[in-house]
Amino acid sequence: GIDEDDSWPTCGSTKSLRYAISKDTSCENVYLCPWGDPGYVEFSKLCDGVETCGNENKICSESRKQPKLSTAVLSTDKSMTKHLSYCIKGIKNTLNFKNHCFTISTFRFSNKNVYGGTNTTIILPNILQNCDHMFGEQYLYTSCADKCFSSSCPLRNIPRYEACPGQYQNRIGTIANNEYLTFVTKSYEDIYTNKYFVCDNNVTCIDYSQVCNLIDNCGDGSDEDSCTNNFKCDGSYIPVTKKCDGSFDCLDLTDECNNQCSRQILEGNALKCSSLVIGFLAVLANLIILSKNTGTLKNCKTTVALFNKSLIMMISFGDLLVGIYLFVISVYDGVIFKEQYCTQQIGWITSIHCSIIGVLSTIGSQVSLFAMCALSLTRIYGIKNSMRIPGEVTLMKSLQVAGGVFMMTLASIIIAVIPIISKFEDFFVNGVKYAEEIKVFIGTMNKQTLFAVFQGYFGRMKETTLSWHLINKMMSEMYSHDNRYEDYTKNIQKVEFYGNDGVCLFKYFVKENDPQRHLVWAILALNFVCFFFITASYLIIGIISHKSSKSLTQSGGNRQITQRNRKMNLRITIIITTDFLCWVPFIVICVLHSLDVLDATPWYGLFSMIILPINSVINPLIYDDTVTNLVSVPIQRLETQIAASRIYRELSLRFQRLSTVNTIELDCVAVQDEEVPGTAEMTGVRDDKEMITQL
């Protein structure tokens, strides 16, 4: 026959050699078993809960971080007595629960009396329980005893005699309740039971421990579909407690991307609106300052003025980049992705676009911070040398200013770009995403998870930190690489440093075991030092300004200078306060997160989109008067026009008439109508009428 023909189509080679169903069959590479026959597992059967060869299921459990399930309960009396939960005799710390247990001595499905069959006794808590964390026998007996909050008994098909043909060679036919034929099997000399779950296909029967255990043992899903302890996704099952837990456990991502818990880059309308408004205002305000100062930069006559204006432009340029970052993130969140972000999250955080946005944000924040630090030190220097004649702008001085600006910008670029250089990937790559077709890996994998997978596949390994190059090589060895078939192991997406969250921000929140912690802590320390210098400098400027104002006030000096000093002190207070409120709480939170005192991950969006960028809107108002004047001049003109209008004058006149206080004079003393002097104050005057008559 054709099945004996030597030309029958095959797939694979050597260890993966196998016959194809037909000549039209599309062959693929396969998972290679570390041991056992048949030596390979096709992708369609990989991680299905059925052990095909080797330790396939252990490897799948390690990669998906699946908990080890307990599907059998404590059994005594030749497995005919089942002890559930804490109803176990002899455990001291559960003696207090003794009175909370009760016994069902004749547990039988469908309450039918099977002739010759032995009844099962179950001892379980006499309280309603949440059965979502129970599996196998624990789930079945508890739910069938009506002791679950919202879980019904999964048993529904009666084990009739004709069910499950070919199974249980030692089956014995008997009658159930004088109504129908059933069968029992002999387990001990005098024990005959029929504790079997009959699948809907009526072809397969399974043990109670295999029911509701997250594995489709029936092949038609009937042993799992009626269970409330699981969530079904892409043909497999996960514990329902892993639904909406923040990590992907299904290949189709439905455990996280659904109506109950779908995620977006920015969660909540308040955060969405705030980031969009702050981004728009930051871009607008800083563009105004840059356009104004760019044209007047060449008009600077002194080196100090040139350096001050250059630094103010640097601050505006950095804040402009931060504003662009906020605006772009808001557009991606609300326009491009919208509700579809959850399913595209991995593609986004592994994309080059996310890294570019993160780099721009980091350059902007660092340029702005370095420029503010340099500007504060420059102003301190200017006050200290205020009696000297400022030097004129020369070519050499201009080059020095340009060199300072270039060095600060270069330092910011280096800080931002180092984490995405491929040479340093072992320090800054947070994880990888492998092709969905190979099925073992779901979502993004970090080094710790991959090390556990390799231990399960290759055997005992030395505890060490693997390089990503070696990791990808070892992963590739787990699969065949036959010619002419697509090699999915080469489809690798890296979760770069900026992809640790959908907002694509510099990864400030690190743990003790993060390889990038040294760079992050160094940058946080550097930023704190900059903040310290800014604060100290402006405190000194404020003290000097206060002393100057005080001396001018005492000597009756120029009031205009005094008012200008007060305005400067107010501006200094705003600078110190805003910088403190932005950076100090953030640095404290980062430290507490690193020490595992708290988990700051849920606050990432708040800090990245509001707390840190708010300075990008405030800085244009306190470091340069361009925007303030641009807004205040039209307002002043409007106020002048309103004050000159006829309606305003009439309203003012009416208000003055209503508020006029009528007075009378009494011996050169003015007394209000509402105030009647006392007797002691008006000697010889009996009442108001007499007083007025005498006047």
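Every chain's residues receive numbers from 1 upward, in the order its sequence appears when written. Whole-chain, interface and lining totals are the exception, using all residues; otherwise, since this is a predicted model, local features are given only for residues with pLDDT of at least 70 and side-chain atom pairs are given and counted only at 80 or more. Each side-chain value is derived from all of the structure's non-hydrogen atoms; neither hydrogens nor water enter the calculation.

Colleague: For this particular structure, what's the right way to read unusual backbone geometry?
Modeller: Note: most residues except glycine have negative phi, and most peptide bonds are trans. With phi around 60°, lysine 78 is a residue other than glycine that occupies positive phi space. Only DSSP runs of H or I reaching four residues or more are called helices, and only runs of E reaching two or more are called strands; each is numbered from the N terminus. Checked against the element boundaries, lysine 78 lands in the loop between strand E5 (74–76) and strand E6 (81–83). Residue burial is assigned from relative accessible area. The probe radius is 1.4 Å, only protein chains are included, and a residue is buried under 20% of its type maximum, exposed over 50%, and partly exposed in between. Assessed through its relative accessible area of 44%, lysine 78 is described here as partly exposed. A positive phi angle is found at aspartate 596, which is not glycine, with a value near 60°.

Colleague: I would appreciate a short explanation of the pairing of strand E15 (residues 236–239) in the present structure.
Modeller: Each regular strand carries side chains that alternate between the two faces of the sheet. By this definition, two strands are paired if DSSP reports at least two bridges between them. Pairing geometry for strand E14 (residues 230–233) and E15, over 4 bridges, is antiparallel. Considered in E15, the bridge of lysine 232 is made with tyrosine 237.

Colleague: What am I meant to see in the sheet that holds strand E7 (residues 101–107) here?
Modeller: Note: strands within a sheet are paired through backbone hydrogen bonds, in either parallel or antiparallel orientation. Across the sheet, which stays open at both edges, the 4 strands sit in the order E5-E6-E8-E7 with mixed pairing between neighbours. A strand with exactly one partner marks an edge of an open sheet, and here the two such strands are E5 and E7. Taken pair by pair, the neighbouring strands of this sheet meet at an average axis angle of 20°, ignoring direction. Both E6 and strand E8 (residues 120–125) contribute to a ladder of 3 bridges, which runs parallel. Under this scheme, a helix contributes an axis fitted over its contacting stretch, all axes are lines through C-alpha atoms, and angles between N-to-C directions fall in the 0 to 180 degree range.

Colleague: Help me understand the packing of aromatic side chains in this model?
Modeller: Where two aromatic rings form a pair, the distance of their centres and the angle of their planes describe that pair. In this scheme Phe, Tyr and Trp rings, the latter by its six-membered ring, pair at centre separations within 6.5 Å, and the angle between planes marks the pair as stacked below 30 degrees, edge-to-face above 60, and tilted otherwise. All chains considered together, the criterion is met by 25 aromatic pairs. Relative to phenylalanine 607, the ring of phenylalanine 586 has its centre 5.2 Å away and its plane inclined at 55°; by these criteria the two rings are tilted. With phenylalanine 586 in helix H12 (residues 559–594) and phenylalanine 607 in helix H13 (residues 604–611), this residue pair connects regions lying 21 residues apart in the sequence. In this structure phenylalanine 586 comes out as buried when scored by relative accessible area, which is 1%. For phenylalanine 607, a relative accessible area of 9% gives the class buried. Criterion for a charge above a ring: Arg CZ or Lys NZ at most 6 Å from the ring centre, at most 35 degrees from the ring normal. Arginine 171 extends its terminal NZ or CZ atom over the ring of tyrosine 161, reaching a point 5.7 Å from the ring centre. Sitting over the face of the ring of phenylalanine 248, arginine 263 holds its NZ or CZ atom 4.9 Å from the ring centroid.

Colleague: I would appreciate a short explanation of the state of the cysteines in the present structure.
Modeller: The bond known as a disulfide is covalent and runs between the sulfur atoms of two cysteines. The disulfide criterion is simple: two cysteine sulfur atoms within 2.5 Å. Applying the stated criterion across every chain, the model contains 11 disulfides. Across a sulfur-sulfur distance of 1.9 Å, cysteine 144 and cysteine 153 are joined as a disulfide pair. Classification of the bridge connecting cysteine 144 and cysteine 153 rests on its S-S torsion, roughly 65°, and on that basis the disulfide is right-handed. A relative accessible area of 29% means that cysteine 153 is categorised as partly exposed. What pairs with cysteine 233 in a disulfide is cysteine 250, and their sulfur atoms sit 2.0 Å apart. Between cysteine 233 and cysteine 250, the disulfide has an S-S torsion of -80° and is therefore left-handed. Taken together, the residues span a long stretch of sequence, with cysteine 233 in strand E14 and cysteine 250 in the loop between E15 and helix H3 (269–296) at a distance of 17 residues. With relative accessibility at 2%, the residue cysteine 233 sits in the buried group. Unpaired in terms of disulfides, cysteine 373 finds its nearest cysteine sulfur in cysteine 530, a separation of 4.4 Å.

Colleague: Hey, could you run me through a negative patch on the surface in this one?
Modeller: Grouping into patches uses exposed residues only, defined as over 30% relative accessible area, and leaves out salt-bridged ones; the cut-off is 9 Å for like charges and 5 Å for nonpolar side chains (Val, Leu, Ile, Met, Phe, Trp, Tyr). Only the protein chains shown count as covering a residue, and every accessible area follows the Shrake-Rupley method with a 1.4 Å probe. Salt bridge, as used here: a side-chain nitrogen of Lys or Arg that lies within 4 Å of a carboxyl oxygen of Asp or Glu. Two residue types count as positive, namely Lys and Arg, and two as negative, namely Asp and Glu; His and chain ends fall outside the count. Note that the charge is assigned to NZ on lysines, CZ on arginines, CG on aspartates and CD on glutamates. Negative charge collects at one region of the surface, where Glu28, Asp234, Asp252, Glu436, Glu437 and Glu486 lie side by side. Turning to its location among the elements, glutamate 486 is positioned in the loop between helix H10 (468–476) and strand E17 (492–495). Judged by relative accessible area, which is 55%, glutamate 486 ranks as exposed.

Colleague: Please explain the sheet that holds strand E9 (residues 171–176) as it appears in this structure.
Modeller: What the 3 strands build is an open sheet, ordered E9-E10-E11; its pairing is antiparallel. At either margin of the open sheet sits one strand with a lone partner, and together these are E9 and strand E11 (191–193). When strand polarity is set aside, the average angle formed by the axes of neighbouring strands in this sheet is 45°. As judged from the 3 bridges shared by strand E10 (residues 180–188) and E11, these two strands associate in the antiparallel manner. The residue bridging lysine 186 from the neighbouring strand is tyrosine 192, located in E11.

These values are about where atoms sit, not about what they do.
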